[in-house]
Every structure is written in C-alpha cells, then in structure tokens.
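Structural features, examined
If you want the building blocks of each chain, they are given just below.
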Amino acid sequence: ADWIEADVRTTSDGKLVLLHNGTTKAYCSEDCSVGGSTYAKLRELDLAEKFRVNKGLSLKDCPRHEIVLFEDALDLILKERKARLSIQPKSDCVDQVMEIVRRKNAIGWVGFNDVSLAKMRRVKELEPSVTVFWDRGRLDVDADIKTAKLHGFEWLVPNRKDVTPDKVKKIHAAGIKVGV
C-alpha cells in the first residue's frame with residue numbers, strides 16, 4: 001500500500017489515538033466514548049473482543065488488541081518506510097497532530113484527508129507541503145477544483161457513486177489527482 005488511512009481522535013486527557021468510531025461499542029462489550037475517556041481507561045479494553053467472539057476464535061487465535069496511540073503508529077511508519085500515513089482528524093486535533101509530525105521529522109510521511117474544508121485548510125496553513133486528500137462526497141467539479149487550487153490541495157476524493165470519466169478528466173486537467 002502506498003498510503004494507510006487512519007482516524008485520529010483525542011481522549012479526555014489529550015492523547016491522540018487511532019479509532020474509527022467515536023465509541024468502543026463496535027469492538028468490545030464496554031461502550032466508552034473516546035473523547036470522554038482517558039487513554040489509561042481505553043487501554044484496559046480489548047478491542048478484538050467482539051471480532052473474536054463473532055468469529056468463534058480463541059484468545060490464542062486472536063489475541064487481545066489495545067487502542068493505538070497516533071505517535072506509535074507514526075513511529076511504525078517511520079521505521080518501516082514503505083507506506084505513508086493519511087490522517088483523518090475526527091476531533092479538533094490538526095494542530096496537535098502536526099506538532100508530533102514536526103517533532104518526528106515526518107512531514108514527508110503523512111497526509112491528511114477529511115471532508116472538512118476548515119480542517120484541511122488548517123493543515124495547509126501549518127505546513128503547505130503536506131499532502132491533502134479533500135474528501136468530497138458529492139462532487140461539484142468546478143467549485144471543488146477552484147477551492148482545491150485556492151488552498152493547494154493535491155487530491156479530490158469524491159464518493160465512488162459520483163465519479164464519471166468526464167469529471168476525472170476535468171480534475172486531472174486542473175492538475176489535481178483523484179482518489180475514490
């Protein structure tokens with residue numbers, strides 16, 4: 001994989017963790033809000049529990065999984081140097097993420113993706129060289145190209161249902177890449 005996408009959320013004590021959902025309900029029997037829980041509390045949970053139970057697997061076959069710190073995931077990306085990390089900030093954490101990225105000299109190993117224009121614009125304000133994948137959902141080609149060019153976004157990422165060859169050609173002609 002060229003890129004690995006991960007959702008980043010902030011715990012109640014300010015730690016950045018990777019988790020798609022805002023709560024742990026889909027992963028384990030204890031339903032905790034990420035933003036309402038400390039990192040220590042979230043580390044107590046087994047995020048593989050429901051998967052293991054649903055698949056009829058033993059603890060040996062599917063070991064316990066703890067929540068992952070963003071910083072630890074970034075360290076792994078930097079150690080392996082094979083794929084880059086596309087960060088989807090699910091909470092208001094762009095500044096905090098960029099602080100860690102800078103401290104670890106990882107600017108070239110990360111990108112950001114989100115539908116939020118404000119968050120993606122903030123990424124470019126903090127570091128213009130970081131790749132932005134602007135998630136669009138429903139694409140307004142002309143307006144989205146104009147906005148992407150204005151803010152220096154490298155990619156437009158429409159929903160697969162909204163992609164046509166003509167839209168892709170128009171986006172490419174504007175010097176912007178397309179991800180679906």
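The preceding data block contains the structure.
This is a predicted model, so every value here is computed, not measured.

The rules we used
- Residues numbered from 1 in each chain as written.
- Predicted model: local features only at pLDDT ≥ 70, side-chain atom pairs only at ≥ 80, totals over all residues.
- Heavy atoms only, no water.
- Phe/Tyr/Trp six-rings, centres within 6.5 Å; stacked < 30°, edge-to-face > 60°.
- Helix = DSSP H or I, 4+ residues; strand = E, 2+ residues; numbered from the N terminus.
- Buried < 20%, exposed > 50% of the residue type's maximum accessible area, 1.4 Å probe, protein only.
- Pairing = 2+ DSSP bridges.
- Right-handed = clockwise from strand over helix to strand, strands pointing away.
- Salt bridge = Lys/Arg side-chain N within 4 Å of Asp/Glu carboxyl O.

1. Looking at the packing of aromatic side chains
In the structure shown here, the tally under the stated rule is three aromatic pairs. Pairing Phe133 with Trp155 gives two aromatic rings, centres 5.1 Å apart and planes at 40°, and the pair type is tilted. Linking Phe133 in strand E6 (residues 131-137) with Trp155 in strand E7 (residues 155-158), this pair joins segments that are 22 residues apart in sequence. Taken together, the ring pairs in this structure connect Trp3, Phe133 and Trp155 into an aromatic cluster.

2. A word on the pairing of strand E4 (residues 84-89)
Within E4, five of the six residues are buried, leaving the element largely enclosed by the surrounding structure. Inspection of the sheet shows strand E1 (residues 3-10) paired to E4 by six bridges, in the parallel sense. Within E4, the position partnered with Ile4 by the bridge is Leu85. Pairing between E4 and strand E5 (residues 110-114): three bridges, direction parallel. Each residue of the ladder has a partner; that of Ile87, found in E5, is Phe112. In this fold, the crossover linking E4 to E5 by way of helix H4 (residues 94-103) has right-handed handedness.

3. Quick notes on the pattern of salt bridges
This structure, assessed with the given rule, holds 16 salt bridges. One salt bridge connects Arg43 with Glu66, and the closest N-O pair in it is separated by 3.0 Å. Within this pair, whereas Arg43 is found in helix H1 (residues 39-43), its partner Glu66 is found in the loop between helix H2 (49-55) and strand E3 (68-69), the two being separated by 23 residues in sequence. For Arg43, a relative accessible area of 36% corresponds to the partly exposed category. Where Arg138 meets Asp162, a salt bridge forms, and the shortest distance between an N and an O atom there is 2.9 Å. Of this pair, Arg138 sits in the loop between E6 and helix H6 (141-151) while Asp162 is found in the loop between E7 and helix H7 (165-173), placing the two residues 24 residues apart along the sequence. In this structure Arg138 comes out as exposed when scored by relative accessible area, which is 68%.

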